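Summary of the model geometry
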Amino acid sequence: MIYLRLIWSYLKIGFFGFGGGYAMLALIENEIVTPGWITEQMFTDIVAISQMTPGPIGINSATYIGYVAPGASSPALSSPLFGILGSLLCTLVVILPSFVLVRYAGHFISRHRDSVALKGVFKGLRPVIIGLIASAALLLMNSSNFGSTTPDVVKSVILAALALALVLFTRIHPILLIIASGIIGYLIF
């Protein structure tokens, strides 16, 4: 049944999604796109929308994927009620591991904050999380985001480089950058 598969996938995402939303993108894609619940194009759209809406990307994507996956797996489950049930289940399941880990690990970490072993664990996790965030950037560099024809790819790369330069070298507000990028994208694509 699709709901049990979603629960299992989001438990794995919740338990092993260290480093926040970008770090867990590769895991989310593997768990959700590979079984065919959504397409790669839908996944990149979810990432874009999740960045523009309030809340963490893991929770936003869980809510959306929980809504569309039942209907994608079986036409008999395409009713909005099945989607709402999927949304609720995925959202609750993805936050459950974090809730449990923070509840119990917080107490443990505060008691052992001077432990050499614990400091070593966190030093080992930092570069892995950076690697996972870098893999998320590479994961999103696909034809769905950059286009499939050479002119579209060139336009996309110029737009991405311009946005990066504006973020690094100016004090432009991110909301203005998002709005301007949407307008420019509408005009040139």
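A quick note: this is a predicted structure, and the numbers were derived from the prediction, not measured.

Together, Ile175, Ile179, Ile183, Ile184, Tyr186, Leu187, Ile188 and Phe189 make up a nonpolar patch on the protein surface, roughly 860 Å² of accessible area in all. Looking at the secondary structure, you find isoleucine 175 in helix α9 (residues 174-188). Its relative accessible area of 52% is what places isoleucine 175 among the exposed residues.

Taken as a whole, the largest pocket spans an internal volume of roughly 1,300 Å³. Ala48, Leu140, Asn145, Ala160 and Ser181 are, among the 30 residues lining the largest pocket, the residues nearest its centre. Listing elements by their share of the lining of the largest pocket, those giving two or more residues are α3 (40-52), α6 (116-139), α7 (143-146), α8 (150-169) and α9.

So, on to the environment of alanine 136. Positionally, alanine 136 belongs in helix α6. Sequence separation between alanine 136 and leucine 27 is 109 residues; the distance between their C-alpha atoms is 9.5 Å. Once residues within four sequence positions are removed from consideration, alanine 136 is found in contact with Tyr22 and Leu25.

Here we take up the confidence of the model for the protein chain. Per-residue confidence for the protein chain gives a mean pLDDT of 86, with 98% of residues at or over 70. No element of the protein chain has a lower mean pLDDT than α7, which averages 74, and none a higher one than helix α1 (residues 2-16), which averages 91.

Rules and cut-offs
Residues numbered from 1 in each chain as written. Predicted model: local features only at pLDDT ≥ 70, side-chain atom pairs only at ≥ 80, totals over all residues. Heavy atoms only, no water. Patch = residues over 30% accessible without salt bridge, like charges linked within 9 Å, V, L, I, M, F, W, Y side chains within 5 Å. Areas by Shrake-Rupley, 256 points an atom, 1.4 Å probe, with all protein chains shown as cover. Salt bridge = Lys/Arg side-chain N within 4 Å of Asp/Glu carboxyl O. Helix = DSSP H or I, 4+ residues; strand = E, 2+ residues; numbered from the N terminus. Buried < 20%, exposed > 50% of the residue type's maximum accessible area, 1.4 Å probe, protein only. 1 Å grid on protein atoms, 1.4 Å probe; cavity = no way out; pocket = protein on both sides within 12 Å on 5 of 7 lines; lining within 4 Å. Points joined across faces, edges and corners; volume = space filled by probe spheres on them. Contact = heavy atoms within 4.5 Å. pLDDT = per-residue confidence, 0-100.

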